[in-house]
Amino acid sequence: MLVGLNVAISDLGSEIFSTIYGVKATFTTRRCVLLVIIALITPFCFLQRIDFLSATSLVAVIIYIIFLSNLLIVYLLPRIFSVYFSLKYFRLWRPEGLVRCAPIIASSLCCQVQVSTIYSSLNNPPLSTMRKVLICALSFIFICYSGAGLMGYMAFYHGLNESLPGDMLASYPEDHRAVHIRLGFLYTVAASLPLLLFPLRTALHSLLFEEAVVEEGPLYVDAPLTIPNLRFHWLTGAVIFLSVVASQATDKVEVILTNTGGFAGGASCYLLPAVIGARAVGGSGGGRGNRSTKLIICFLSFLGALIFSSPFLTFLGVDT
């Protein structure tokens, strides 16, 4: 996922550079933009408390709301009320692209990997409160992604013979408004990088160094996992360096999202919760609640298997 963020930073930064200076961005420009932005956000990556980054998340939410409002008011509503608007050109269901889109959709729902880190930074909140926060967060993500996709499709698609780019920002006119929107997205992508490092560092530290097992469960907050300062710093530096190097292998963010969304998204978002749920209800009775839970587990398993195998299917030419 960090590699995909680096590729997105290169794309957005180079597009902003091209729009402002009126020149075509080269590979060297993309690399320089990435290095400059990584240098700016690296100090935030070495923060050891996640609550220091709460303000950046709030700003990102505000930027998403502004983006959706701008898309609705400036582009969608004038298109709907124009005399040339017609619904007969739109295809609201296109199963041909499902295999390619499934891993990208799955990668947008990978926020649960940060739940344990965020939970351990709070002052013993009840699980019911944390559950409500998760429901609100996932609902906001779903509304933003589905709303932006639907409104962008209706605002920028003009006919059956016209191809619509996968990057909706490419459909915006090259003016100051597009620059501001790309700057906002560049901020949200850059602000996500320090947040993603918290669960990644914890996982790497647990993998490379032996830790005491906490019997109370994964959300036990009285004995949080502490990483020594030296390990914390070299793990952070190594992850940033390796992600930057790996991002130079491709300039197509959809390639990164397809693979990370297919493997990581399918495993962590669907298959792993299904396995945990199956173990939790394995010894229970066959009540109505358990039957509905088992149906959900079966659905998650099927969806996870589809998403996990989607990169292989795309490589084999399925769903092209």
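See the structure shown above.
The structure presented is a predicted model; accordingly, all values stated were derived computationally and were not measured.

J.: Could you give an account of the pattern of salt bridges, naming the residues involved and the relevant values?
T.: Summed over the entire model, instances satisfying the criterion amount to 2 salt bridges. In this structure, arginine 30 and aspartate 11 form a salt bridge, with 2.4 Å as the shortest nitrogen-oxygen distance. Residue arginine 30 is found in helix 2 (residues 27-45), and its partner aspartate 11 is found in helix 1 (residues 2-21); the two are separated by 19 residues along the sequence. A residue is classified by how much of its surface remains accessible, and arginine 30, at 13% relative accessible area, is buried. We classify aspartate 11 as buried; its relative accessible area is 16%. In this structure, glutamate 15 and arginine 182 form a salt bridge, with 2.9 Å as the shortest nitrogen-oxygen distance. Note that glutamate 15 is positioned in helix 1 and arginine 182 in helix 7 (residues 176-208), a separation of 167 residues in sequence. In this structure glutamate 15 comes out as partly exposed when scored by relative accessible area, which is 25%.

J.: An account of helix 8 (residues 229-247) is needed here, citing residue identities and associated values.
T.: The terminal C-alpha atoms of helix 8, which comprises 19 residues, lie 27 Å apart, in line with the 27 Å expected from a rise of 1.5 Å per residue. Listing the buried residues of helix 8 in full gives Phe232, Leu235, Thr236, Val239, Ile240, Ser243, Val244 and Ser247. Projection of helix 8 onto a plane perpendicular to its axis shows the buried side chains occupying an angular sector of 155°, all on one side. Across helix 8 from its buried face, at more than 90 degrees, point the exposed residues Leu230, Phe241 and Leu242.

J.: Mind laying out the packing of helix 2 against helix 8, listing which residues take part and the relevant values?
T.: At a minimum axis separation of 12 Å, helix 2 and helix 8 run at an interaxial angle of 160°. Judged on the interaxial angle alone, helix 8 and helix 2 are roughly antiparallel. Of the two possible hands of crossing, helix 2 and helix 8 adopt the one that is right-handed. Here helix 2 contributes Leu34, Leu35, Ile38, Thr42 and Cys45 to the contact with helix 8, which in turn contributes Phe232, Thr236, Ile240, Val244 and Ser247.

J.: Break down the environment of isoleucine 297 for me, citing the residues and quoting the values.
T.: Within the fold, isoleucine 297 resides in helix 10 (residues 288-315). In sequence terms isoleucine 297 and alanine 274 are 23 residues apart; their C-alpha atoms lie 5.0 Å from each other. Every residue in contact with isoleucine 297, bar those within four places of it in the chain, is listed here: Ala274, Gly277, Ala278 and Val281.

Conventions used here
- Residues numbered from 1 in each chain as written.
- Predicted model: local features only at pLDDT ≥ 70, side-chain atom pairs only at ≥ 80, totals over all residues.
- Heavy atoms only, no water.
- Salt bridge = Lys/Arg side-chain N within 4 Å of Asp/Glu carboxyl O.
- Helix = DSSP H or I, 4+ residues; strand = E, 2+ residues; numbered from the N terminus.
- Buried < 20%, exposed > 50% of the residue type's maximum accessible area, 1.4 Å probe, protein only.
- Expected span 1.5 Å × (residues − 1).
- Arc of directions from axis to C-beta.
- Axes fitted to C-alpha atoms, helices over the stretch in contact; angles between N-to-C directions.
- Parallel < 35°, antiparallel > 145°, perpendicular 65-115°, else oblique.
- Left-handed = near helix turned anticlockwise from the far one by under 90°.
- Contact = heavy atoms within 4.5 Å.

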